[in-house]
Amino acid sequence: GAVVSQHPSRVICKSGTSVKIECRSLDFQATTMFWYRQFPKKSLMLMATSNEGSKATYEQGVEKDKFLINHASLTLSTLTVTSAHPEDSSFYICSAEYRGYGEKLFFGSGTQLSVL
Amino acid sequence: AQTVTQSQPEMSVQEAETVTLSCTYDTSESDYYLFWYKQPPSRQMILVIRQEAYKQQNATENRFSVNFQKAAKSFSLKISDSQLGDAAMYFCAYRSVPGGSEKLVFGKGMKLTVNP
């Protein structure tokens, strides 16, 4: 099956620093990637939709200047949490669409961000 | 906007027995996809089963099967011969076909416990 690699799996940073999370589709080209945020014991909340070569589309209430998304190639999308604060601590998950494979979405293993 | 409802936050089942997880959704679209995802303690999202709305036949994947009732907008998951490894959070999800919003809309999830 298709594999999506997400790094890092866990990151601890100081308040005010920026953190970059990478999401790579290893064996397929992903024209669209999605970024989700998940709080403990809660469902996944879509943050933004990322299309290769164009600006990301953010969901209502998600600060695009805080959560910078870049989808520079068909196999890589990055999420940068800028000037992170403790309230940004969460589990972030990416998913990539494999068109032609039943429109299935494949998920990365997630990144646990802890901001001190 | 589409919504997905999982009304049971938790369920438990004895090993080797059968359990049914319920899900209802609301949409005005006639064609769409429905999914069940499993999230074990590792937090990796794993696709369990997928149903295309235009197909009347219920999807099956080994011990997992669905009861798709399009008119009732119901999409339940049946797990037969439950195993300890089935213990996880289960999320029901809806996705428009290409041309729609195409994002996955998740329910709140349900925690399944499997008792030995």
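**Thoughts on the pattern of salt bridges**
Next up, step 1: This structure, assessed with the given rule, holds 8 salt bridges over all chains.
Next up, step 2: Among the ionic pairs, A:K66 bridges to A:D88, the shortest N-O distance being 2.8 Å. Within this pair, whereas A:K66 is found in the loop between β6 (57-58) and β7 (67-73), its partner A:D88 is found in the loop between β8 (76-81) and β9 (90-98), the two being separated by 22 residues in sequence.
Next up, step 3: Of the residues examined, A:K66 reaches a relative accessible area of 11% and is grouped as buried.
Next up, step 4: For A:D88, a relative accessible area of 5% corresponds to the buried category.
Next up, step 5: One connected set of salt bridges, linked through shared partners, spans B:R50, B:E52 and B:K55.

**What about the pairing of strand β3 (residues 19-25) of chain A?**
All names here are of chain A.
Next up, step 1: Taking every second residue as pointing to the same face, the buried face of β3 carries V19, I21, C23 and S25, while none of K20, E22 and R24 on the other face is buried.
Next up, step 2: As judged from the 4 bridges shared by strand β1 (residues 4-7) and β3, these two strands associate in the antiparallel manner. Each residue of the ladder has a partner; that of Q6, found in β3, is C23.
Next up, step 3: By the bridge criterion, 6 bridges tie β3 to β8 in an arrangement that is antiparallel. Following the sheet pairing, R24 is matched in β8 by L76.

**Focus on the interface of chain B and chain A**
Next up, step 1: Taken residue by residue, the interface counts 18 residues in chain B and 20 residues in chain A.
Next up, step 2: Carbon and sulfur atoms supply 52% of the area buried between chain B and chain A, which totals about 1,700 Å² over both sides.
Next up, step 3: Looking at the side of chain B facing chain A, the largest losses of area belong to B:R43, B:R95 and B:K103, adding up to 32% of the total buried there.
Next up, step 4: At the boundary of chain B and chain A, one finds 2 salt bridges.
Next up, step 5: Put simply, A:E97 and B:R95 hold a salt bridge, and the shortest N to O gap is 2.8 Å.
Next up, step 6: Elements supplying a minimum of two residues to the side of chain B that touches chain A: β5 (32-39), β6 (46-52), β10 (88-96) and β11 (104-106) of chain B.
Next up, step 7: Of all the elements, β5(B) adds the most residues to the side of chain B that touches chain A, at 4 residues.
Next up, step 8: Of the residues belonging to the side of chain B that touches chain A, the class tally is 9 nonpolar, 3 polar and 6 charged.

**What about the packing of aromatic side chains?**
Next up, step 1: Tallied over the full model, the rule gives 15 aromatic pairs over all chains.
Next up, step 2: Ring geometry for A:Y36 and B:F106: centres 5.6 Å apart, planes at 80°, overall edge-to-face. Note that A:Y36 is positioned in strand β4 (residues 32-38) and B:F106 in strand β11, a pairing that runs across two chains. The same class applies to A:Y36 and to B:F106, which are both buried.
Next up, step 3: Three or more aromatic residues joined by ring pairs form one cluster here, namely A:Y36, A:F107, B:Y33, B:F35, B:Y37, B:F91 and B:F106.
Next up, step 4: Between B:R43 and the ring centre of A:F91, over which it is positioned, the NZ or CZ distance is 3.8 Å.

**Brief notes about the state of the cysteines**
Next up, step 1: Counted according to the given criterion, the structure contains 2 disulfides over all chains.
Next up, step 2: Here A:C23 connects covalently by a disulfide to A:C94, the sulfurs 2.0 Å from one another. On the S-S bond that ties A:C23 to A:C94, the torsion sits near 80°, and the link is right-handed. Taken together, the positions of A:C23 in strand β3 and A:C94 in strand β9 put the pair 71 residues apart, joining distant regions of the chain. Of the two residues, A:C23 and A:C94, both sit in the buried class.
Next up, step 3: The partner cysteine of B:C23 in its disulfide is B:C92, sulfur to sulfur 2.0 Å. The sign of the S-S torsion, about -75°, decides the handedness of the disulfide formed by B:C23 and B:C92: left-handed. Of the two residues, B:C23 sits in the loop between β3 (19-21) and β4 (24-26) while B:C92 sits in strand β10, which places them 69 residues apart along the sequence.

Calculation notes
Residues numbered from 1 in each chain as written. Chains lettered and ligands numbered in written order. Predicted model: local features only at pLDDT ≥ 70, side-chain atom pairs only at ≥ 80, totals over all residues. Heavy atoms only, no water. Salt bridge = Lys/Arg side-chain N within 4 Å of Asp/Glu carboxyl O. Helix = DSSP H or I, 4+ residues; strand = E, 2+ residues; numbered from the N terminus. Buried < 20%, exposed > 50% of the residue type's maximum accessible area, 1.4 Å probe, protein only. Pairing = 2+ DSSP bridges. Contact = heavy atoms within 4.5 Å. Buried area = accessible area lost by both parts, 1.4 Å probe. Nonpolar A, V, L, I, M, F, W, Y, C, P; charged D, E, K, R; others polar. Phe/Tyr/Trp six-rings, centres within 6.5 Å; stacked < 30°, edge-to-face > 60°. Lys NZ or Arg CZ within 6 Å of the ring centre and 35° of its normal. Disulfide = S-S within 2.5 Å.

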